[in-house]
Amino acid sequence: MGKKLLMGNEAIARGAVEAGLNLATAYPGTPSSEIIGTLAEWSGDFDYYVEWSVNEKVAMEVAGGAAYAGGRALVAMKQVGLNVASDPLMSLAYIGVQGALVVVVADDPGPHSSQTEQDTRVFAKFAKLPVFDPSSPEEALAMTKAAFELSHRYQLPVLLRPTTRVCHATSGIEFGPRIPNVPEGFVKDPKWVIFPRLSYQQHQLLEETRLRLEREFSDGPWNPLTPGDRIGIVAGGVSYLYAREAVARLGLNPTMLKVGTPHPLPTAKLEQFLSRVDRVFVLEELDPVLEEGIIALAGQVGFKGPIYGKRSGHFPWAGEYSADRIQSVLARTLELAPAAPEPGAQDVPPELPVRPPVLCAGCPHRASFYAVKRGSRGSNAIYTGDIGCYTLGNAPPLSMVDTCLCMGAGLTVGQGLLRMEPGRPVFAFIGDSTFFHTGIPGILNAVYNQHPIKLVLLDNSTTAMTGHQPHPGMGRTACGGAVPQVDPVAVLRACGVEWLEVLDPLDLPATEAAVRRALEYPGVVALVLKSPCVATFKATRRYRIDSAACSNCGRCLRELGCPAFYREEKPQIGPSCYGCGLCSQICPKGAIGEVGRS
Amino acid sequence: MRLDIVIAGVGGQGTVLASRVLAQTALDAGFPARTSEMIGMAQREGSVQSHVRIGTEFGPVIGSGAADILLGFEPAEAQRSGNLLKNGGMLLVNSHPIHPVTVALGSSAYPLAEIRAYLDRLPARVTWVDGFELALASGNFKTLNAVMLGVLASSGALPFGRDAVLRVLLEMLPERVRAVNERAFALGCQVVKEG
Ligand code: SF4
Ligand code: SF4
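Fair warning: this is a prediction, and the values are worked out from it, not measured in the lab.

### Examining the overall build of chain A
Right, so step 1: Tallying secondary structure elements over chain A gives 18 helices and 22 strands in all.
Right, so step 2: In terms of C-alpha radius of gyration, chain A reaches 27 Å, essentially the compact-globule figure of 25 Å for 598 residues.
Right, so step 3: On the principal axes, the C-alpha backbone points of chain A span a range of 80 × 70 × 55 Å.
Right, so step 4: Every one of the 598 residues in chain A was classed for burial, and the buried ones make up 59%.
Right, so step 5: The contacts of chain A with a sequence gap of at least 6 include a subset with a gap of at least 24, amounting to 78%.
Right, so step 6: Taken as a whole, chain A presents about 23,300 Å² of accessible surface, with 54% of it coming from carbon and sulfur.
Right, so step 7: Side-chain charges of chain A comprise 55 positive and 58 negative groups, with the mean position of each set lying 2 Å from the other.

### Examining the layout of surface pockets
Residue and element names in this part refer to chain A.
Right, so step 1: Here the second largest pocket defines a volume of roughly 880 Å³.
Right, so step 2: Every residue lining the second largest pocket is counted, 50 residues in all, and those nearest its centre are Gln115, Ile387, Gly388, Met407 and Met465.
Right, so step 3: If you tally residues by element for the lining of the second largest pocket, the top one is helix α15 (residues 432-448), at five residues.
Right, so step 4: Split by residue class, the lining of the second largest pocket holds 21 nonpolar, 25 polar and four charged.
Right, so step 5: When residues of the lining of the second largest pocket are assigned to domains, at least three fall in each of domain 1 (4-179 + 188-210) and domain 3 (364-476 + 485-530).

### Comments concerning the site of ligand 1
Right, so step 1: Ligand 1 sits among 13 residues. The nearest are Cys562, Cys577, Cys580, Gly581 and Cys583 of chain A.
Right, so step 2: Here the residues of the shell around ligand 1 are counted per class, giving ten nonpolar, three polar and no charged.

### Some thoughts on a positive patch on the surface
Right, so step 1: A grouping of Lys538 and Arg597 of chain A together with Lys142 and Arg176 of chain B is seen on the molecular surface, where their side chains present a positively charged patch.
Right, so step 2: Along the chain, Lys538 of chain A turns up in the loop between β18 (525-530) and β19 (541-545).

### Some details on the site of ligand 2
Right, so step 1: Close to ligand 2 lie 13 residues; Cys550, Cys553, Gly554, Cys556 and Cys587 of chain A are nearest.
Right, so step 2: Classifying every residue of the shell around ligand 2 gives eight nonpolar, three polar and two charged.

### Topic: the nonpolar core
Residue and element names in this part refer to chain A.
Right, so step 1: One finds Phe369, Phe429, Leu492, Phe565, Ile573 and Ile592 to be the most contacted residues of the largest nonpolar core, which totals 74 residues.
Right, so step 2: Domain assignment of the residues forming this core places at least three in each of domain 3 (364-476 + 485-530) and domain 4 (541-596).
Right, so step 3: Setting aside its immediate chain neighbours within four residues, Phe565 contacts Ile545, Cys556, Leu557, Pro571, Gln572, Ile573, Cys583 and Ile592.
Right, so step 4: Residues Ile12, Trp52, Ala66 and Val97 belong to the second largest nonpolar core, which totals 62 residues.

### Some words on the sheet that holds strand β10 (residues 231-236) of chain A
Residues and elements named next belong to chain A.
Right, so step 1: Taken together, five strands build an open sheet; the order of strands is β9-β11-β10-β12-β13 and the sheet is mixed. The open sheet has two free edges, formed respectively by β9 (225-226) and β13 (307-308), since each of these has just one partner strand.
Right, so step 2: Pairing between strand β12 (residues 279-283) and β13: two bridges, direction parallel. Paired with Val280 across the bridge in β13 is Ile307.
Right, so step 3: Where helix α9 (residues 239-250) meets the sheet, its contacts fall on β9, β10, β11 (255-259) and β12, and the angle it forms with β10 comes to roughly 145°.

### Some words on the domain arrangement of chain A
Right, so step 1: Split by domain assignment, chain A resolves into domain 1 (4-179 + 188-210), domain 2 (225-334), domain 3 (364-476 + 485-530) and domain 4 (541-596).
Right, so step 2: Put simply, the middle of domain 2 of chain A and the middle of domain 4 of chain A, counted by C-alpha atoms, are 56 Å apart.

### A closer look at the pattern of salt bridges
It is possible for side chains bearing opposite charge to pair when their charged atoms get close.
Right, so step 1: Evaluated as defined, the whole model comprises 38 salt bridges over all chains.
Right, so step 2: Bridged by salt links that share partners, the residues Asp107, Asp119, Arg121, Asp133, Arg161 and Glu284 of chain A form one connected network.

### Quick word on the side chain of Lys310 of chain A
All names here are of chain A.
Right, so step 1: In this structure, Lys310 sits in the loop between β13 and α12 (323-333).
Right, so step 2: Glu284 is the oppositely charged side chain nearest to the buried, salt-bridge-free Lys310, at an N-O distance of 6.1 Å.
Right, so step 3: In this structure Lys310 touches Glu284, Glu285, Leu286, Asp287, Pro288, Glu291, Phe315, Pro316, Trp317 and Tyr321, once residues within four positions along its chain are discounted.

### A few points about the UniProt feature "binding site: [4Fe-4S] cluster 1" (unreviewed entry) in chain A
Residue and element names in this part refer to chain A.
Right, so step 1: Here the UniProt feature "binding site: [4Fe-4S] cluster 1" (unreviewed entry) sits at Cys550, Cys553, Cys556 and Cys587. For the residues just named, distributed over 38 residues, the greatest C-alpha separation is only 10.5 Å, placing them together at one site.
Right, so step 2: By secondary structure assignment, the location of Cys550 is in the loop between β19 and α18 (555-560).
Right, so step 3: When residues no more than four places from it in sequence are discounted, the contact partners of Cys550 are Ile545, Lys570, Pro571 and Ala591.

### A few points about α12 of chain A
All names here are of chain A.
Right, so step 1: Buried residues of α12: Ala323, Ile326, Gln327, Val329, Leu330 and Ala331, and no others.
Right, so step 2: Where the residues of α12 are buried, they touch β10, α9 and β12.
Right, so step 3: Looking at the residues trailing α12, positive phi occurs at Glu335, about 55°.

### A short note on the pairing of β12 of chain A
Residue and element names in this part refer to chain A.
Right, so step 1: Taking burial as the measure, the five residues of β12 include four buried ones, the bulk of the element.
Right, so step 2: As defined by bridge partners, β10 adjoins β12 across five bridges and the pair is classed as parallel. Note on β12: the bridge partner recorded for Ile231 is Arg279.

### Things to note about the environment of Leu274 of chain A
All names here are of chain A.
Right, so step 1: Position of Leu274 relative to the elements: it lies in helix α10 (residues 267-276).
Right, so step 2: Residue Leu274 is classed as buried on the basis of its relative accessible area, which comes to 5%.
Right, so step 3: When the C-alpha atoms of Leu274 and Leu92 are compared, they prove to be 35 Å apart, with 182 residues separating the residues in sequence.

### Re the interface of chain B and chain A
Right, so step 1: Every contact between the two is made by 56 residues of chain B and, on the other side, 58 residues of chain A.
Right, so step 2: Across the interface of chain B and chain A, roughly 4,800 Å² is buried in total on both sides, 61% from carbon and sulfur atoms.
Right, so step 3: The interface formed by chain B and chain A contains five salt bridges.
Right, so step 4: The salt bridge partner of Arg34 of chain B is Glu138 of chain A, with a shortest N-O separation of 2.8 Å.
Right, so step 5: Here chain B and chain A share 16 residue pairs in polar contact (both at pLDDT 80 or more) between them.
Right, so step 6: Going through the elements one at a time, α1 (15-28), β2 (33-37), β3 (47-54), α2 (75-80), β5 (85-94), α3 (101-104) and α4 (112-121) of chain B are the ones with two or more residues in the side of chain B that touches chain A.

Calculation notes
Residues numbered from 1 in each chain as written. Chains lettered and ligands numbered in written order. Predicted model: local features only at pLDDT ≥ 70, side-chain atom pairs only at ≥ 80, totals over all residues. Heavy atoms only, no water. Helix = DSSP H or I, 4+ residues; strand = E, 2+ residues; numbered from the N terminus. Rg over C-alpha atoms; globule rule 2.2 N^0.38 Å. Buried < 20%, exposed > 50% of the residue type's maximum accessible area, 1.4 Å probe, protein only. Contact = heavy atoms within 4.5 Å. Areas by Shrake-Rupley, 256 points an atom, 1.4 Å probe, with all protein chains shown as cover. Lys, Arg positive; Asp, Glu negative; His and termini not counted. Charge placed at Lys NZ, Arg CZ, Asp CG, Glu CD. 1 Å grid on protein atoms, 1.4 Å probe; cavity = no way out; pocket = protein on both sides within 12 Å on 5 of 7 lines; lining within 4 Å. Points joined across faces, edges and corners; volume = space filled by probe spheres on them. Nonpolar A, V, L, I, M, F, W, Y, C, P; charged D, E, K, R; others polar. Domains from an automatic or database assignment. Near = heavy atom within 4 Å. Patch = residues over 30% accessible without salt bridge, like charges linked within 9 Å, V, L, I, M, F, W, Y side chains within 5 Å. Salt bridge = Lys/Arg side-chain N within 4 Å of Asp/Glu carboxyl O. Core = buried A, V, L, I, M, F, W, Y, C linked by side-chain atoms within 4.5 Å. Pairing = 2+ DSSP bridges. Axes fitted to C-alpha atoms, helices over the stretch in contact; angles between N-to-C directions. UniProt positions renumbered as here; feature names shortened; annotations may be inferred. Buried area = accessible area lost by both parts, 1.4 Å probe. Polar contact = N/O pair within 3.5 Å; in protein donor to acceptor, adjacent residues only side chain to side chain.

The structure is reproduced here in structure tokens:
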């Protein structure tokens, strides 16, 4: 078989399969989501279990349990998700596992789709756990297998930290054989119960393991040293490939050390490297993990040369690196001839329109935001948002997201706001998947502590932002099996929400009226606005503007921000209309009507 | 053999699929290939840029002034990625604009004529294609990516033939949209033959 084009995330899934995976869990989060999506897709071909858990902490604990019983388990999340799962991770480092536990955390330098740029290598150091940092999809596969092997051998969780340019890059991948792992089953032992005395012992053991790993990594294949002249380059992750491209363009022949295991650092290998060079460039995205390690080591071994990195001000702390960026710093610092001017630079380009991501044409969230906006007009309400597609409700013309912090926080931040400004209404928007993730405790808190929040549950029956993964409200598992459907309305009732209405947000007048009723009610309120995500079904109709009837008032264009609209002499609706009918309900001339799908 | 291709477009236009098709065709022809793209719902209707690197041992991202080919699915997005195209490179661009919501709201302008003129002045071989009309003519406006792949595959710039590209495209599509995409691809091929 030839090479198959696989995304980094698919390569990680393949690596897990080849390593004899027994169980995999995750909560979706860009750029990590395709790992579990892929494993679910392949689950018919292999004997392993895979699930979408309701949040990352749950995912970590389920995977940990499997590894207690000798299973080879994988748990995946994005960097922000690791914050949610950090509690079990820190303790799992002490308790250890019997089989293998590989924790894949995808970082997002840039960031392209995240609230933070946090660096999981720092978390690995904090948790005192080994971490692999792949530079390409091919290497992600190899490192996944190595992580399972290492975890099993040391009975310790092992982290794999790909970044967006690895997760969402593709490469030609060759498949290897699968070596199955048969879990021996859980064996009762006092070591599974974390008591203070045990913690002390385990902490000592963890530090000893760190030193053993340091030696193993120095001797092993993940930190290759390529000899060259006395200019030294140390690079981790995708920066290593950028560095190679930059030095090729500049015609340099530096001594290069690729660090594939940023924690624990391969100290002996680094010492060897330092003895061969007289100055060092450290290339890594986000935090100066390698750089600080090298600075410390340089002090210990008496290396006197300059170390160029973030701390020296040569490279930026925030954002992504690139071959261009590295090339220009190398050229400037080494005083090489400047690169050729960029093509087209002599010409002044016209100013381009701003093109932010927006809610899709026909997205029911647009209708929900619009209905709440209209229904609460004049009330001075605050609108707290949450993480999901509906965060895009912040953009004009809807402008309906005043706060957005992290999963589930819209509801709880809103409760704090309410206590400071009693009487000012707070509408908290949350999606169905986020509701199951961390929304429920927030609702419990509102009911228990009597914070009269107005919850608006935007139920589109999927996890749309990350690619339509199923959740407990859908009656379907990761692999497609049918299961009982958890009704968020029943959950809300069980949490003690007394005033609750379920509506279709595409019925604008009815939803608006419900919003007004909700405003009147003094206690905790929940409006469940239910309508499926447009990406999950085929459009059967679309709308058109009768130009003769249209008065060109521009209201449809101005108020909804539906991307299907464009303007010629008068507003027009393009072929991307999904037929939601929202615009036809706001046209004062009744000029917008339904037509069949061509 | 080394070839760097940038595909610039708007979320929902199918740039990701197009980049995968090119890379898999390259792999089938025995070249190493990589792609990089921003995927995920955050790109809905936003700007997207896909990179395809054929024959590279380096990272998946193409540097500025380094792309051999820029495939523009939309004029403004072609301009946004214009800095990546190298001197003497090739620009194939769909002439049909997609107005962002910011234009409808009046907070941005879409200067189509100026964008066209600017792209024509780039030190590159520029070919304009009314890809949107061709996609509509094939029966579904969403086949723009197949049209543009047809244009590129017939341009003679790829190290493999158009049939190889079409074969991979059809393999990657679900059964029910194969026929319409095949028509769209053929219409794209036509452009270069005639023009
Ligand atoms: S019906 Fe109106 S609001 Fe709905 S998708 Fe079509 S144009 Fe947009
Ligand atoms: S709201 Fe109705 S009348 Fe006003 S511009 Fe739109 S279609 Fe025309």
